[in-house]
Structure formats: C-alpha cells, structure tokens
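Per-entry structural report
Now for the letters of each chain:
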2 protein chains.
Amino acid sequence: MDELDQILLMALREDATQSYAALGRLAGLSAGAAHERVRKLRERGVIRRTTIDVDPAAVGRPVLSFVLIEANAWMGEEPVHAALRAIPELEEAHVIAGSASLLVKIRTGTTEALQDVLRRLFAIEGVSGTQTIVVLETVFEGAGGPPAPSGH
Amino acid sequence: MDELDQILLMALREDATQSYAALGRLAGLSAGAAHERVRKLRERGVIRRTTIDVDPAAVGRPVLSFVLIEANAWMGEEPVHAALRAIPELEEAHVIAGSASLLVKIRTGTTEALQDVLRRLFAIEGVSGTQTIVVLETVFEGAGGPPAPSGH
DNA sequence: CCTGAAAGGGCAAGCAC
DNA sequence: GTGCTTGCCCTTTCAGG
C-alpha cells in the first residue's frame, strides 16, 4: 500500500472502466505493472469489487432518509442483522454508540413507503423507538470521498 | 426502465467486470442487446459511473462516524457546500429536515483524526453545534442495498 | 519493475432478418 | 431484438533483463 497503490485506487474509484495502460500512465508505471498491482489489491481485499453507481432517483427511489433506532436489547447479534438484511429499502445498517442503538440509511419512492419501512423496523424484536431524519438535498455522496480534492 | 434493465443493473452492481455475454444470459438477451441496453443506461445517467468498492480499513480509515450539524443559518447554499467538499474525510453530506441542519458521514484513521474533522466543521460559517455518532460495527453497506435478497 | 511478443477475448459498427 | 462479420484495442501470459 504505497503511494502508487493510492493513485491507482483513486483513479479506479473515478472510473473503473479505464484501461491498465491509462492507469499506468497516471501512476508512472507500465500497463503490465499497473495490472499486477491492481490484481494484488483485489487479491488482498483492498478492492472488494467492481460495481456501478446507480442514480437512485432514476430507479424510483428519490426519498433518502436516515433512521436512528432505539432498542431495549442488544442489537449486535445475527438474528437482528438478518432482519435488517431482509428489508431491501435499507442501503446501510450500523450498530452505533450513543443514545440510539442502530443507524440505518433508507431509500424509498415515497414518504408513504418510508412509513412502511418504519413499520417493518418496529416489528424487529427489541426495537423500542425510532427517530427519522429526512434528507432534503444531498450535497455529495460518492464512491469514497468528495470528488478528488487534489486528485488530478 | 423495464424489468430487464432492472436485472442488468442488479447484476452490474454485484459485479461490473462480467461480460455482456454473461449479462445477456441473466436477462435472457443476446450479448449485443445487453450491451446496447447498458450503453443506454449510461447515456441516460441511470448508471452514473463504474467504480470500485474499497475496504476503508485497508486504506487506513477504520473509524466511521456520522455527525449531525446544527446551524444558526441556512446551510443549503454553495459556499457551505464548497467548505464541506474541501474536507476529504467526508464521504457524504446531506441537508436534512429536523432539529439539525446537516448530516455528514466521516471516515478517519483514529478518533483523534475525527476530532480534527469536527474542528474543521466548526470553522464553517454558521455552524453552531454538532452531535457525533460513532459506528461500532457496520452490519452491511454496499453499492445500493442489502446483498440481493431474492436477486439470483 | 520494464520491455516485447504472441494469443485470446471482448467491444464497436454495420447490416440482414 | 437477433445473429453474424470485421476490425480494433485491451488483457493475459509468456519470455528475458
């Protein structure tokens, strides 16, 4: 994980379709060397996968919200995790420190659909309350960080 | 945006490196037709970009936190947005409804580094307070949704 | 880590059905 | 949308330095 790997990761986050030749140019490496480094980054799990960034509004989920979940039981166990995974509107779920127990990120088509997700969250054993934060506008949100502060 | 497009998007989220032949097989299309649909999805902006999913811990940012920012001024304007963008530890920033004004997602190497980010947030004009939520464990967090509930 | 070369595969464009 | 063809670039893997 030296500086060259950092450059490669940054470049791939911006565009994972570019060729190893282009990546090599950015890092000052040959295409072969760039390819070898990226292969090792995948192997080590630094790069988990190659994926696409989908516009949520374009697929009918313009409403973004975060929900703090309070619980009267420990929420760090597998049955709870499985229940969370079963809700497709959840984009993220975290066990947190603080007055609440969980924080989840939710995308729905409408606020009515959000309400239905909340209903399903309340159905999970141990959940005693929720606090919903509705997003009015997303300033930025991307594949790991604000758009390249001094990247290229 | 019919059902076939949905299948293609789902498959690409899981693995954007797979061939159009494989995508076509999943959707019941030829490689050429699959390619054409994906090309149009990119063109329309439904697919914003192809990117990689990097393990935050592997790049020295194991500490994840969310911060609710209170402000005594409207935070929806561009100077504020620019100030947020200038903080590389911020992974997301949202203008929200509710008692706080902004919600940001932060990744740092240590809690000391988090403290320094908070200091920089306080330096933004209009910021009057913060409430920090530290993540103990991430249950899931991926490219758009829990790992394929009934996907394949 | 670089160069070079050979081999394979996927992508793009065009056209007929 | 399918099936096919042609050309091109990139990837992959080998060699050797």
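Analysis parameters
Residues numbered from 1 in each chain as written. Chains lettered and ligands numbered in written order. Predicted model: local features only at pLDDT ≥ 70, side-chain atom pairs only at ≥ 80, totals over all residues. Heavy atoms only, no water. UniProt positions renumbered as here; feature names shortened; annotations may be inferred. Helix = DSSP H or I, 4+ residues; strand = E, 2+ residues; numbered from the N terminus. Near = heavy atom within 4 Å. Polar contact = N/O pair within 3.5 Å; in protein donor to acceptor, adjacent residues only side chain to side chain. Nonpolar A, V, L, I, M, F, W, Y, C, P; charged D, E, K, R; others polar. Least-squares fit on C-alpha atoms with pLDDT ≥ 70 in both. Contact = heavy atoms within 4.5 Å. Buried area = accessible area lost by both parts, 1.4 Å probe. Salt bridge = Lys/Arg side-chain N within 4 Å of Asp/Glu carboxyl O. Buried < 20%, exposed > 50% of the residue type's maximum accessible area, 1.4 Å probe, protein only. Axes fitted to C-alpha atoms, helices over the stretch in contact; angles between N-to-C directions. Parallel < 35°, antiparallel > 145°, perpendicular 65-115°, else oblique.

In the nomenclature of an unreviewed UniProt entry, chain A corresponds to Lrp/AsnC family transcriptional regulator from the organism Actinophytocola glycyrrhizae.

Observations concerning the UniProt feature "domain: HTH asnC-type" (unreviewed entry) in chain A
Mapped onto the present numbering, the UniProt feature "domain: HTH asnC-type" (unreviewed entry) falls at residues 1-62 of chain A. Counted over residues 1-62 of chain A, helix gives 55% and strand 13%. Its end C-alpha atoms are 37 Å apart.

Focus: the protein's contact with DNA strand C
DNA strand C sits among G28, L29, S30, A33 and R37 of chain A together with Y20 and H35 of chain B. For DNA strand C, the fraction of atoms within 4 Å of the protein that belong to sugar or phosphate moieties is 95%. Here a phosphate oxygen of DNA strand C and a side-chain polar atom of R37 of chain A are 3.1 Å apart. Of the residues assigned to the surface near DNA strand C, the class counts are 3 nonpolar, 3 polar and 1 charged.

A short note on the protein's contact with DNA strand D
In the neighbourhood of DNA strand D, the contacting residues comprise S19, Y20 and H35 of chain A together with G28, L29, S30, A33 and R37 of chain B. Near the protein, within 4 Å, the atoms of DNA strand D are sugar or phosphate in 100% of cases. Take S30 of chain B: an N or O atom from its side chain is 2.9 Å from a phosphate oxygen of DNA strand D. Separating a phosphate oxygen of DNA strand D from a side-chain N or O atom of R37 of chain B is a distance of 3.0 Å.

Observations concerning the relation of the copies chain B and chain A
The operation relating chain B to chain A is a screw motion whose rotation component is 180°, with 0.0 Å of axial translation and a residual RMSD of 0.1 Å. Look at the turn and shift together and you get a two-fold axis relating the two. Among all C-alpha atoms of chain B, that of T51 of chain B lies closest to the rotation axis, at 2.7 Å. When you check the interface residues of chain B against chain A, 100% turn up at the interface there too, and the contact is symmetric in its surfaces.

Section: the interface of chain B and chain A
Contact with chain B, which involves 56 residues of that partner, is made by 56 residues of chain A. Of the roughly 5,500 Å² buried at the junction of chain B and chain A (both faces included), carbon and sulfur atoms supply 61%. Linking chain B to chain A there are 8 salt bridges. A salt bridge links K105 of chain A to E92 of chain B, with the shortest nitrogen-to-oxygen separation between them at 2.7 Å. Inspection of the region where chain B meets chain A yields 27 residue pairs in polar contact (both at pLDDT 80 or more). Mapped onto the side of chain B that touches chain A, the elements with two or more residues apiece are α1 (3-14), β1 (47-54), β2 (63-71), α4 (78-85), β3 (90-96), β4 (102-108) and β5 (127-141) of chain B.

So, the environment of I133 of chain A
Here I133 of chain A shows up in strand β5 (residues 127-141). Expressed as a C-alpha distance, the spacing of I133 of chain A and S65 of chain A, which sit 68 residues apart in the sequence, is 5.5 Å. If sequence neighbours within four positions are ignored, I133 of chain A has contacts with S65, F66 and L68 of chain A together with L68, I96 and A97 of chain B.

Digging into helix α2 (residues 20-27) of chain B
All names here are of chain B. Along α2, the residues classified as buried are A22, L23, G24 and A27. On its buried face, α2 sits against α1 and α3 (31-44). Just downstream of α2 lies G28, where phi reads positive at about 80°.

Description of the packing of α1 of chain B against α3 of chain B
Residue and element names in this part refer to chain B. Contact pair α1 / α3: the axes reach a minimum separation of 11 Å and the direction vectors enclose 85°. Put simply, α1 runs roughly perpendicular to α3. Two secondary-structure elements touch here, α1 through L4, D5, L8, L9 and L12 and α3 through A34, R37, V38, L41 and R44. Residues belonging to the contact of α1 with α3 are distributed by class as follows: 7 nonpolar, no polar and 3 charged.

Concerning the environment of I7 of chain B
The topology assignment puts I7 of chain B in helix α1. Excluding its chain neighbours within four sequence positions, the residues that come into contact with I7 of chain B are L26 and A27 of chain B.

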